[in-house]
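# Understanding the architecture of this molecule
Next come the chains, spelled out residue by residue.
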Amino acid sequence: MLQPVAILALISGLFYCVAMIAMKSLAELPTLGLALIIAAALLTAATFEVFALRNERLGLIYVGILGAEVVFLGAFSVLHYDETYTFRELSGMGLVLVGTAIAWT
């Protein structure tokens, strides 16, 4: 079962991903609305990160956020942008996920 601090890190990572996806869409969508989405996502992510940092060590939170970002962005990029990954990139993603799992156990 996930710990409450791990859930906070996952939510923070999710909102950082929302900001990154919005940044990738800057050329396609209206700039003002997108800037507001980016700002709101970054502020929300930082808020959840601060709450997570109150209960856990700094390094562990950042590892958790990075692991969440790898999963969310990797899946979204494949599904929405039709990106493909080389074996080397997939191996790197796997190492990040294994490292995240080891850090949280």
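Look above for the structure.
The present account deals with the structure reproduced in this document.

So, how was this worked out
Residues numbered from 1 in each chain as written. Predicted model: local features only at pLDDT ≥ 70, side-chain atom pairs only at ≥ 80, totals over all residues. Heavy atoms only, no water. Patch = residues over 30% accessible without salt bridge, like charges linked within 9 Å, V, L, I, M, F, W, Y side chains within 5 Å. Areas by Shrake-Rupley, 256 points an atom, 1.4 Å probe, with all protein chains shown as cover. Salt bridge = Lys/Arg side-chain N within 4 Å of Asp/Glu carboxyl O. Helix = DSSP H or I, 4+ residues; strand = E, 2+ residues; numbered from the N terminus. Phe/Tyr/Trp six-rings, centres within 6.5 Å; stacked < 30°, edge-to-face > 60°. Buried < 20%, exposed > 50% of the residue type's maximum accessible area, 1.4 Å probe, protein only.

### What to know about a nonpolar patch on the surface
Taken together, the side chains of L10, L14, V18, I37, V71, F72 and L97 make up a nonpolar region of the molecular surface, amounting to roughly 500 Å² of accessible area. Elements that contribute at least two residues to the nonpolar patch include exactly α1 (4-24) and α3 (58-81). Considering every element that reaches the nonpolar patch, the biggest residue donor is α1, with three residues. Among the secondary structure elements, L10 is positioned in helix α1.

### A word on the packing of aromatic side chains
Using the criterion set out here, one finds two aromatic pairs in the structure. For the ring pair F15 and F48, a centre distance of 6.1 Å and an interplane angle of 5° mean the geometry is stacked. Pair noted here: F15 is in helix α1 and F48 is in helix α2 (residues 31-55), with a separation of 33 residues, a long-range link. Look at F48 and you get partly exposed, because its relative accessible area is 25%. Ring plane angle 75° and centroid distance 5.7 Å describe the contact between F76 and Y81, whose orientation is recorded as edge-to-face.

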